[in-house]
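The primary structure of each chain is shown beneath.
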Amino acid sequence: MIDLHTHSTVSDGSDPPETIPALARAAGCSAVALTDHDRLDGVTAAANAAAALGVELVPGCELSCEVSPGTMHVLVYFVEPGDGPLQDELVRLQQARDTRNQLMATKLADELGLPVTLEEIEAEAGGVGVGRPHVAAVLVRKGVVGSVQEAFDRYLAKGQAGYVDKERLTAADALRLARMSGGVPVLAHPLSLKLGPTELDAAVGELTALGLAGLEAIYGRYTQDDRDGLARLAADHGLVVTGGSDHHGTYKPDLQVGVGRGDLDVPAQALEHLRQRRPG
Ligand code: AMP
Ligand code: FE
Ligand code: FE
Ligand code: ZN
């Protein structure tokens, strides 16, 4: 088995990137993808650790796209740190995220009167890849809320008083930049688009025409029915069925590398099928 969706301290996971391969091996995975939000910074350390363990490390990242009504995340595989169209765009997204974090801290402290500062949020994140889960962790530590989930539900989720919108790529740009950089793009947790079956089918058709290569049908938090339905949708559009846990360490304690909630089993052949979709 393999796991094609994990986060490290480089974004909003709690495990350092170099520890992800050992977690994957312990779970019985022959390969694991590191897919931090907007960043490839953990890939080299993770690849070195993976090589020493005989696990394959798939370089990756996760991009947020503009969409309504739900949220759209695209996982991009096989793009290495360094120079390239997607890599350059990631730098811009990271700068936009810095600005957003400042706005969020100001809003929470000055408008909502919550005991939280940007410095505390950055310290929680370890300096880079700051995001809402780190804000949530600070609110938990201060006793404002009882859990990361409660922090989202009361303050940080879209529509709540502490929410600040984030810079996103259009789906077309994300898919184009991924392809131009030698990457293979996959729609993450497709049900987060919050579309009914007919609309989801139409959206997947449009994304496929723009270069989408796969659907993350076998997702950590999906039921077997969800997974089966998404696998059928992938087949209808000639897309690769992929899967992963979306491990974030302590930020999503129910999701472990390789096994998700205990019922995840992503076949290694998904990675071989993705490899066949690499741009010539
Ligand atoms: P950000 O990129 O800073 O907007 O944070 C996005 C991350 O926050 C996601 O990858 C999830 O880990 C987490 N997240 C977003 N929305 C929720 C929610 N409603 N409940 C719990 N976690 C969430
Ligand atoms: Fe996340
Ligand atoms: Fe995601
Ligand atoms: Zn993710």
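Treat the numbers as computed from the prediction; the structure is a model and nothing was measured.

Novice: Teacher, can you tell me more about the coordination of the iron ion (ligand 2) here?
Specialist: For a metal bound by four donors in a tetrahedral arrangement, the ideal donor-metal-donor angle is 109.5 degrees, while six donors in an octahedral arrangement ideally sit at 90 or 180 degrees. For the iron ion (ligand 2), the full set of protein donor atoms is D12 (OD), H37 (NE2) and H248 (NE2), and the range of their distances to it is 2.1 to 2.2 Å. Along the chain, the residues that donate to the iron ion (ligand 2) are spaced as D-x24-H-x210-H. When its relative accessible area of 2% is taken as the criterion, H248 is described as buried.

Novice: What am I meant to see in the state of the cysteines here?
Specialist: Such a bond, covalent and formed between the sulfur atoms of two cysteines, is termed a disulfide. Counted according to the given criterion, the structure contains zero disulfides. Residue C61 stays outside any disulfide, its sulfur separated by 11 Å from that of C65, the closest cysteine. When its relative accessible area of 2% is taken as the criterion, C65 is described as buried.

Novice: Explain the coordination of the iron ion (ligand 3) here, please?
Specialist: With distances of 2.1 to 2.3 Å, the protein atoms coordinating the iron ion (ligand 3) are E62 (OE), H73 (ND1) and H189 (NE2). Mapping the donors of the iron ion (ligand 3) onto the primary sequence gives the spacing E-x10-H-x115-H. Taken as a pair, the iron ion (ligand 3) and the iron ion (ligand 2) lie 5.6 Å from each other. Of this pair, E62 sits in strand β3 (residues 56–65) while H73 is found in strand β4 (residues 72–77), placing the two residues eleven residues apart along the sequence. Take H73: its relative accessible area is 15%, and that puts it in the buried class.

Conventions and cut-offs
Residues numbered from 1 in each chain as written. Chains lettered and ligands numbered in written order. Predicted model: local features only at pLDDT ≥ 70, side-chain atom pairs only at ≥ 80, totals over all residues. Heavy atoms only, no water. Donors = N, O, S within 2.8 Å, 3.2 Å for Na, K, Ca; no water. Buried < 20%, exposed > 50% of the residue type's maximum accessible area, 1.4 Å probe, protein only. Disulfide = S-S within 2.5 Å. Helix = DSSP H or I, 4+ residues; strand = E, 2+ residues; numbered from the N terminus.

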